[in-house]
Amino acid sequence: YLSWRLATRVSVRLAVAAVSLALIIAVGLSRVYLNVHYLTDVIGGWLAGSAWLLTALLIVDAVESRWRGGLR
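Treat the numbers as computed from the prediction; the structure is a model and nothing was measured.

1. Brief notes about the overall build of the protein
- Looking only at helices and strands, the protein has 3 helices and 0 strands in total.
- Each helix and strand of the protein, ordered N terminal to C terminal, gives the series α-α-α.
- The C-alpha atoms of the protein give a radius of gyration of 16 Å, which is well past the 11 Å a tight globule of 72 residues would have.
- Across its three principal axes, the protein shows a C-alpha extent of roughly 50 × 25 × 10 Å.
- Evaluated residue by residue, the protein yields a buried proportion of 4% over its 72 residues.

Structure (structure tokens):
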């Protein structure tokens, strides 16, 4: 997220997003391939991680908007 946010060019942002997504998918599928987890476990992990990320980003956005609004 920080790499994506600090990038100023759209092409760099797309590259960061693509590499991040590919890494997330590769790690999850490798867990299934190695018989360490079931596919449902991996999908659940992806969903839980997505929910956590969304929650964290909403909190960061709320704090940042208050800070920039002058309510320190």
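Still more to cover.
2. What about the environment of Val32?
- Looking at where Val32 falls in the secondary structure, it is placed in helix α2 (residues 10-33).
- Sequence separation between Val32 and Thr55 is 23 residues, and the spatial gap between their C-alpha atoms is 27 Å.
- In this view, Val32 contacts His37, Tyr38, Leu39 and Val42; residues no more than four positions away in its chain are not counted.

3. Describing the confidence of the model for the protein
- The predicted model of the protein averages 93 in pLDDT, with 96% of residues at 70 or higher.
- When mean pLDDT is compared element by element in the protein, α2 scores highest at 96, while helix α1 (residues 2-6) scores lowest at 89.

4. Points about the packing of α2 against helix α3 (residues 39-68)
- Where α2 meets α3, the closest approach of the two axes is 8 Å, and the angle between their N-to-C directions is 155°. Considered as vectors, α2 and α3 are oriented roughly antiparallel to each other. The crossing of α2 and α3 is right-handed. Across the interface between the two elements, Ile24, Ile25, Gly28, Leu29, Arg31 and Val32 of α2 pack against Leu39, Val42 and Trp46 of α3.

5. Section: the packing of aromatic side chains
- For the structure shown, the criterion picks out 1 aromatic pair.
- Note that Arg13 overlies the ring of Trp4, its terminal NZ or CZ placed 4.2 Å from the centroid.

Each value, and the rule that gives it
Residues numbered from 1 in each chain as written. Predicted model: local features only at pLDDT ≥ 70, side-chain atom pairs only at ≥ 80, totals over all residues. Heavy atoms only, no water. Helix = DSSP H or I, 4+ residues; strand = E, 2+ residues; numbered from the N terminus. Rg over C-alpha atoms; globule rule 2.2 N^0.38 Å. Buried < 20%, exposed > 50% of the residue type's maximum accessible area, 1.4 Å probe, protein only. Contact = heavy atoms within 4.5 Å. pLDDT = per-residue confidence, 0-100. Axes fitted to C-alpha atoms, helices over the stretch in contact; angles between N-to-C directions. Parallel < 35°, antiparallel > 145°, perpendicular 65-115°, else oblique. Left-handed = near helix turned anticlockwise from the far one by under 90°. Phe/Tyr/Trp six-rings, centres within 6.5 Å; stacked < 30°, edge-to-face > 60°. Lys NZ or Arg CZ within 6 Å of the ring centre and 35° of its normal.

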